[in-house]
Amino acid sequence: MRSTTRTGAVGGVLVAGGLLAGLLLTGGADDAEAGRAAPDGLPHTGIEVSPSRCGRGWQHPHPGLQVFDLHNTSDTAAEVYLKNPADGSVYGEVEGIGPGTTRQLRIRLGRGAYAFMCLPDDTHAVTGPTARVTGGGPAGPAAAPVTEHDLIPPALAYQKWVGRGLDGLVGETGRLRDALADGDRAAAEDAWLSAHLAYERLGAAYGAFGDADGKINGTTAGLPDGVRDPAFTGFHRIEYGLWHGRTTASLRGPATALAAAVKALRDDWAEARMEPADLGLRAHEILENTLQFELTGRTDYGSGSNLATARANLDGTRAVLARLRPLLVTRYPELPALERKLDRAQDLLDGFRRDGRWTPLDRLDRRQRERADAVLGDLVERLASVATLCDARRTV
Amino acid sequence: MSGVNGVGRRGFLRGAALAGAGLAAGGAAPAQGSPGTGGTVPVPGPALGTAAAPPVPFHGPHQTSVLTAPRRVTAFTAFDVTAGDRRELAELLRTLTARARALTDGGTPADPGITGPPTDSGILGPRLAAGALTVTVGVGASLFDDRFGLHGQAPRRLTAMPSFPDDDLRPEWCHGDLSLQLCADDTDTVLHALRDLARQTRGGMQVRWRMDGFSSPPRPSGTPRNLMGFKDGTANPDAGSAREMDRLVWAGRDSGEPAWAVGGSYQVVRLIRMLVEFWDRVSLTEQERMFGRNRETGAPLDGNHEHDTPHYAGDPKGDVIPLDSHIRLANPRTPATDGQRILRRSYNYDQGVDRNGNLDMGLLFCCYQRDLAAQFEAVQHRLAGEPLTDYLTPFGGGYFYALPGVRDTSDWYGRALLT
């Protein structure tokens, strides 16, 4: 009985809230400017989005946390920025506002000049009138947008770096194949680790290498017969065999296939064009994969080299960041802190290598494992900002 | 029953006007009209406990969250500090304070624009209700090792939780450098806070163990029941009495604590599995004689109502309330044991099944006191070997010291310890 009453009451409130929201949207700018409280408790301002009337409706600029109801009155979808008209830095954005629809931009404004920029999907951007806010506390953070044009040089440089790495990897996987052909298990184990780290250093996160990654570095995930599944190939297939007492002869086939797959990837890469907008995502996601698959031990098939892989992934992250650095210096105030944390992660991981041998993950004591999780966890929190800042945005 | 559970929702609906106002965390505060939203609809909710809980201001000499009656849900999390040095530890505690303040005050989280992903997980919608959450932060003995230069500054009685005779402790469920207890009336509120706090402190601390708990609604009235079916917490000291709390809960200068620790309280957490399948095969009479209370009403076996006081003097041989019953051992109600009473703030827990398919549920026992040895441990030693232990397996938990309160907007958890 009680729960019925409660549900009923909540339902009633929701209906009232919906009505209020409806009034706000249809009431025009004056109602909003008069400070009618919306259900979210924030002041709302209705703003028009269209090529001819971009940014209209902002009659009384005021500081503080507030909401702009961006209403697209045109017949094409549009993107909207709220920017600083003096330097073009962006305080907030809403993408993909469909014709006739209204989307909200919640933002904190401080003293300064602001202008809405409307970017219709198929035509040039239009900047609306400048609004000046006087008084008030600090504004929310802003950054200059990074354009696809900005990202092309670093993407090309990165792509070349990966190409050189793939050249080296072809040699490494060749040596692994040869060691197994010679029946030299010790040499094969060394060659396996060296080749695998060379691959991991390239930061093959989130399908950067497409289907090739599955052949080269796939796990048993999704394979009905697990380690016996014929589709289980590549580094981890060979790792499983080497560290589970399989004969070297039985691993020749997989090693030959691996070498061939790497060679094919190298050749394809030379022809491919990397999407420049992916660079920022890579900077972030390589270490997300490290957390998900290496620091959990998920990808260990016997070599106990997850920490070595994590260290290689860190190199891979640095390789991306080095190319993005010129764009980040002016946009990301926390960059120096990020770089210090990268150094700290590197020192920590290097400390897990003793006398040339990497400590298996399960040999870390609790404190060591917590430190590794903390240091890399802290890094991905920071790198997430690199990804959002380096999303490719239009400016015209 | 209206109002008891509705504060968070009212806060949500009423908007910014409520932020910063004194908030009733429980109790039957009348719903007030709210200018601007056209009035407020009272939202009925199940009542917890019988007495009105005190308001929960974030700032003050104590963490008032210690005193509030159990809310519907809790997440108790022990963390290990991974901060590299003392400066980073201070930074961690400042961040923890700022986020705890923001999460309990409510409001609309700032948006980072294009400079980062959303600062808030969004699971509570755009606006956080004021007063929907309480946060309690404690420190464990291990924080006072050689990492942060805190050696010798630990609260006088703080040690790692020992293993008691009936315990079967599992190391992965024990101890921790810090304890964080989040309480709210909705699970999403607790999880939102936990995600926020863990995210904002990612480099400085790591989760060591976590146990979620819930408090049942009164069935049909009075103190909530534990998962053995008995009302649990009936004879608690009066959290509304400042004098009683000063005498039993808050540690002060007169109890010999270091100056930085004045206003804190020893927090004991015990994770106690209940062997509920076995328990359900025990006759009602035997169950009631083990507890010393009537299962249905919660009354002591020599009384008629839950809050009747047992008269042990009139039953010296334990004919009515057995001498080894839980309530009689725990609180003999003598002048000598009066100062041993503890403030219990326990929750039920439920975490799936064990490897044999038995239900894994029990008690997330939590209590506060000003002196571990004179209170919790004295009671615990008296309870050793009580008949109830056959149906219980304490397997984890820890001793912590709930820090003194955050006094104002410039104060932070542990400031007096670290500066």
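Further up the page is the structure itself.
The following refers to the structure shown. The structure displayed is predicted, hence computed values, not measured ones.

## Regarding the overall build of chain A
Helix and strand counts for chain A stand at 11 helices and 9 strands. A globule of 396 residues ought to have a C-alpha radius of gyration of about 21 Å, yet chain A, at 27 Å, is considerably larger. Taking the principal axes of the C-alpha coordinates as reference, chain A spans close to 85 × 60 × 40 Å. Classification of the 396 residues of chain A by burial places 48% in the buried group.

## Side note on the packing of helix α3 (residues 148-181) of chain A against helix α7 (residues 248-271) of chain A
All names here are of chain A. Their axes nearest at 9 Å, the elements α3 and α7 cross at an angle of 160°. In terms of orientation, α3 lies roughly antiparallel with respect to α7. Here α3 runs over α7; the crossing is left-handed. Together, Gln159, Val162, Gly163, Leu166, Asp167, Leu169, Val170, Thr173, Leu176, Arg177, Leu180 and Ala181 of α3 and Thr248, Leu251, Arg252, Ala255, Thr256, Leu258, Ala259, Val262, Lys263, Leu265, Arg266 and Trp269 of α7 make up the contact between the two elements.

## Topic: the state of the cysteines
With the rule as written, the count across this model stands at 1 disulfide over all chains. The disulfide partner of Cys54(A) is Cys118(A), and the S-S distance across this bridge is 2.0 Å. The sign of the 90° torsion about the S-S bond sets the Cys54(A)-Cys118(A) disulfide as right-handed. Taken together, the positions of Cys54(A) in the loop between β1 (44-49) and β2 (64-72) and Cys118(A) in strand β6 (residues 112-120) put the pair 64 residues apart, joining distant regions of the chain. Exposure class is identical for Cys54(A) and Cys118(A). Each is buried. Cys183(B) carries a free sulfur, and the closest cysteine sulfur to it, the one in Cys366(B), is 8.2 Å from it.

## Comments concerning the pattern of salt bridges
Here the structure, examined in full by the defined rule, presents 40 salt bridges over all chains. Measuring nitrogen to oxygen at the nearest pair gives 3.8 Å for the salt bridge that ties Glu334(A) to Arg382(A). Of this pair, Glu334(A) sits in the loop between α9 (306-329) and α10 (335-350) while Arg382(A) sits in helix α11 (residues 366-389); the two residues are 48 residues apart in sequence, bridging distant segments of the chain. Where Asp371(B) meets Arg157(B), a salt bridge forms, and the shortest distance between an N and an O atom there is 3.2 Å.

## So, the packing of helix α4 (residues 185-200) of chain A against α9(A)
All names here are of chain A. Where α4 meets α9, the closest approach of the two axes is 8 Å, and the angle between their N-to-C directions is 35°. Of the two elements, α4 crosses α9, and the hand of that crossing is right-handed. Taken together, the residues of α9 that come into contact with α4 (itself represented by His196, Leu197 and Glu200) are Ala308, Thr309, Ala312 and Asn313. For the contact of α4 with α9, the class distribution of residues is 3 nonpolar, 3 polar and 1 charged.

## What about the layout of surface pockets?
Volume-wise, the largest pocket comes out at about 1,300 Å³. Glu334(A), Glu381(A), Thr119(B), Arg199(B) and Gln200(B) are, among the 49 residues lining the largest pocket, the residues nearest its centre. Contributions of two or more residues to the lining of the largest pocket are made by α10 and α11 of chain A together with α2 (86-105) and α3 (187-200) of chain B. Top element by residues in the lining of the largest pocket is α2(B). It accounts for 9 residues. Looking at the lining of the largest pocket, its residues break down into 18 nonpolar, 14 polar and 17 charged.

## Notes on α3(B)
The end-to-end C-alpha separation of α3(B) is 20 Å, in line with the 20 Å expected for 14 residues at 1.5 Å each. Within the sequence span of α3(B), burial applies to Thr189(B), Val190(B), His192(B), Ala193(B), Leu194(B), Asp196(B), Leu197(B) and Ala198(B).

## Here we look at the sheet that holds β2(A)
Note on sheets: strands pair through backbone hydrogen bonds, and any given pair is parallel or antiparallel. Residue and element names in this part refer to chain A. Pairing in this open sheet of 3 strands is mixed, and the strands run β1-β2-β5 from one edge to the other. Strands with a single pairing partner mark the edges of an open sheet, and in this sheet they are β1 and β5 (102-109). Averaged over all neighbouring strand pairs, the angle between strand axes comes to 30°, with direction disregarded. With 6 bridges connecting them, β1 and β2 associate as parallel partners. Within β2, the position partnered with glutamate 48 by the bridge is histidine 71.

## Considerations on the side chain of Gln66(A)
Residues and elements named next belong to chain A. Positionally, glutamine 66 belongs in strand β2. Of note is the side chain of glutamine 66, whose polar atom sits 2.6 Å from the backbone oxygen of histidine 62. Of note is the side chain of glutamine 66, whose polar atom sits 3.0 Å from the backbone oxygen of glycine 64. In contact with glutamine 66, other than residues within four places in its own chain, are Pro43, Leu105, Arg106, Ile107 and Leu109.

## Some thoughts on unusual backbone geometry
Of note, the amide linkage connecting Arg219(B) to Pro220(B) takes the cis form, showing an omega dihedral of -5°. Mapped onto the secondary structure, Pro220(B) falls in the loop between β4 (205-214) and α4 (242-248). Backbone geometry at Asp355(A) places phi at a positive 55°, although glycine is not the residue there. Relative to the assigned elements, Asp355(A) resides in the loop between β8 (353-354) and β9 (357-358).

## Considering the pairing of strand β3 (residues 178-184) of chain B
Residue and element names in this part refer to chain B. With 7 of 7 residues buried, β3 is to be regarded as a mostly interior element. Of the two faces of β3, the one holding Leu178, Leu180, Leu182 and Ala184 and the one holding Ser179, Gln181 and Cys183 are both buried throughout. Examined bridge by bridge, strand β1 (residues 73-81) and β3 share 7 bridges and lie antiparallel to one another. Each residue of the ladder has a partner; that of threonine 77, found in β3, is leucine 180.

## Notes on empty space enclosed by the protein
All names here are of chain B. For the structure on display, the rule yields 7 cavities of 30 Å³ or more. By volume, the largest cavity is sized at about 740 Å³. Along the walls of the largest cavity sit 38 residues, with His326, Ala330, Arg344, Phe365 and Leu383 positioned nearest its centre. Within the residue set of the lining of the largest cavity, elements represented by two or more residues are β5 (265-274), α7 (326-330), β8 (359-369), α8 (373-383) and β9 (392-402). At 4 residues, α8 tops the list of elements feeding residues into the lining of the largest cavity. Across the lining of the largest cavity, the residue classes tally to 19 nonpolar, 9 polar and 10 charged.

Calculation notes
As a convention, each chain's residues are numbered from 1 in the sequence order in which they are written. Each chain gets a letter, beginning with A, and each ligand a number, beginning with 1, in the order they are written. In view of the model being predicted, local features appear only for residues whose pLDDT reaches at least 70, and side-chain atom pairs are presented and counted only at 80 or more, with totals across whole chains, interfaces and linings using the full set of residues. Side-chain numbers here rest on the full set of heavy atoms in the structure, without hydrogens or water. Strands here mean DSSP runs of E at least two residues long; helices mean DSSP runs of H or I at least four residues long; both are numbered from the N terminus. Two things to know: the radius of gyration comes from C-alpha atoms, and the globule rule equals 2.2 Å times the number of residues to the power 0.38. With a 1.4 Å probe rolled over the protein chains alone, any residue whose accessible area is under 20% of its type maximum counts as buried; one over 50% counts as exposed, and the rest are partly exposed. Whenever a helix is involved, its axis is fitted only over the stretch in contact; in every case the axis is a line through C-alpha atoms, and angles between N-to-C directions fall within 0 to 180 degrees. For classification purposes, an angle smaller than 35 degrees is called roughly parallel, one larger than 145 roughly antiparallel, one from 65 to 115 roughly perpendicular, and anything else oblique. Put simply, a crossing is left-handed when the front helix is turned counterclockwise from the back one by less than a right angle, and right-handed when it is turned clockwise. Whether two residues touch is decided by their heavy atoms; if any such pair falls within 4.5 Å, the residues are in contact. Counting rule for disulfides: a pair of cysteine sulfur atoms within 2.5 Å. We define a salt bridge as a side-chain nitrogen of Lys or Arg found within 4 Å of a carboxyl oxygen belonging to Asp or Glu. Here the term charged refers only to Asp, Glu, Lys and Arg, the term nonpolar to Ala, Val, Leu, Ile, Met, Phe, Trp, Tyr, Cys and Pro, and the term polar to all other amino acids, Gly among them. The distinction between a cavity and a pocket rests on a 1 Å grid over the protein atoms alone: a 1.4 Å probe fits inside a cavity but cannot get out, while a pocket stays open yet meets protein on both sides within 12 Å along at least five of seven lines, and a residue with an atom within 4 Å of a point counts as lining. Grid points are joined across faces, edges and corners, and a volume is the space filled by probe spheres set on the points. Multiplying 1.5 Å by the helix residue count minus one yields the expected span of that helix. Here the rule is simple: two strands pair whenever DSSP picks up at least two bridges between them. Polar contacts here mean pairs of N or O atoms no more than 3.5 Å apart (in protein, one a potential hydrogen donor and the other a potential acceptor; neighbouring residues in sequence count only if both atoms are side-chain atoms).

Structural measurements only, silent on function.
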